[in-house]
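Commentary on secondary and tertiary structure
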Amino acid sequence: MVSEGRVTLKSSNRYKVKLKHLNIALDGTYPESGEIQLTEELVRQLRRDSEQFGNWQSVQHMELSFSYQSKTRNVSILVQDIFESRFSNFVTTGVFSAV
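The structure contained in this document is the topic of the report that follows.

The rules behind these values
- The numbering scheme is per chain: residues are counted from 1 as the chain's sequence reads.
- It should be noted that, the model being predicted, local features are given only for residues of pLDDT at least 70 and side-chain atom pairs only at 80 or more, the latter also being counted only at that level, while totals for whole chains, interfaces and linings use all residues.
- Working from all heavy atoms in the structure, the side-chain values ignore hydrogens and water.
- Two strands pair under a simple rule: DSSP has to find at least two bridges between them.
- The helix and strand labels rest on DSSP assignments: H or I over at least four residues marks a helix, E over at least two residues marks a strand, and numbering proceeds from the N terminus.
- The cut-offs for exposure are 20% and 50% of the maximum accessible area for each residue type, with area from a 1.4 Å probe on protein chains only; residues under the lower value are buried, those over the upper are exposed, and the others partly exposed.
- For the purpose of charge, His is not counted, nor are the chain termini; Lys and Arg are scored as positive and Asp and Glu as negative.
- In what follows, salt bridge is the name for a side-chain nitrogen of Lys or Arg lying within 4 Å of a carboxyl oxygen of Asp or Glu.
- Identification of polar contacts relies on pairs of N or O atoms within 3.5 Å, with a donor-acceptor requirement for protein atoms, meaning one able to donate a hydrogen and the other able to accept it, and with residues adjacent in sequence counted only if both atoms are side-chain atoms.
- Whether two residues touch is decided by their heavy atoms; if any such pair falls within 4.5 Å, the residues are in contact.
- Residue types Ala, Val, Leu, Ile, Met, Phe, Trp, Tyr and Cys, when buried and joined through side-chain atoms within 4.5 Å, form a set referred to as a nonpolar core.

A separate point is the pairing of strand β6 (residues 87-97). Summarising the sheet, strand β3 (residues 31-37) and β6 pair through five bridges and their orientation is antiparallel. Note that in β6 the partner of Ser33 across the bridge is Val91. Relative to β6, strand β5 (residues 71-79) runs antiparallel, the two sharing six bridges. Paired with Ser76 across the strands is Gly94, a residue of β6.

Here's what the structure looks like:
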């Protein structure tokens, strides 16, 4: 299943994204991991942000907001391999709201 969401980057820029292969936590409230689509526009901004903030590791952390079971979920994620593929794996590092 492919879902849609919105990421907020360290630079505060926001982008619509597609999510797939979400591994939802046992309590059903947030994704523990999944894949996020990295559009060309998003990757260009990530490259600019990595130059501004010093390195690419600094831009791997993003905030993700999406709807699941008719509720908005807001989590912090760490995106892996951000410059290497169209869909990149992510893991959730924090939950802001999941109910």
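Turning to the pairing of strand β2 (residues 14-24), a few remarks are in order. As paired elements, β2 and β3 share four bridges and run antiparallel to each other. In the sheet register, Leu19 faces β3, and the bridge partner there is Ile36. Between β2 and β3, which pair antiparallel in sequence order, lie six residues; one of them, Gly28, sits at a positive phi of approximately 75 degrees.

Below, the discussion takes up the side chain of Asp49. Mapped onto the secondary structure, Asp49 falls in helix α1 (residues 40-53). Of the buried charged residues, Asp49 lacks a salt bridge, with Arg48 as the closest side chain of opposite charge at 6.0 Å. Side-chain polar atoms of Asp49 contact the side chain of Gln45, separated by 2.6 Å. Once you skip the residues sitting within four places of it in the chain, Asp49 turns out to touch Leu9, Ser11, Asn13 and Val59.

The phi dihedral of Ser12 is positive, around 75 degrees, even though this residue is not glycine. With respect to the helices, strands and loops of the structure, Ser12 is situated in the loop between β1 (2-8) and β2. Given the relative accessible area of 54%, Ser12 is considered exposed. Although it is not a glycine, His21 sits at a positive phi angle of roughly 55 degrees.

This paragraph deals with the environment of Glu84. One can find Glu84 in the loop between β5 and β6. The exposed category is assigned to Glu84, whose relative accessible area is 67%. Between the alpha carbons of Glu84 and Leu38 there is a distance of 9.6 Å; along the sequence they are 46 residues apart.

Formed by 21 residues in total, the largest nonpolar core has its most connected members in Val7, Leu19, Ile36, Leu42, Leu64, Ile77 and Phe90. Filtering out sequence-adjacent residues up to four positions away, Ile77 remains in contact with Ile36, Gln60, His61, Met62, Leu64, Phe90, Val91, Thr92 and Thr93.

A few words now on the side chain of Glu35. Tracing the backbone through its elements, the reader meets Glu35 in strand β3. With no salt bridge to any partner, buried Glu35 finds its closest opposite charge in Lys20, at an N-O distance of 4.1 Å. Once residues within four sequence positions are removed from consideration, Glu35 is found in contact with Lys18, Leu19, Lys20, His21, Phe87, Ser88, Asn89 and Phe90.

The analysis is restricted to geometry; functional conclusions fall outside its scope.
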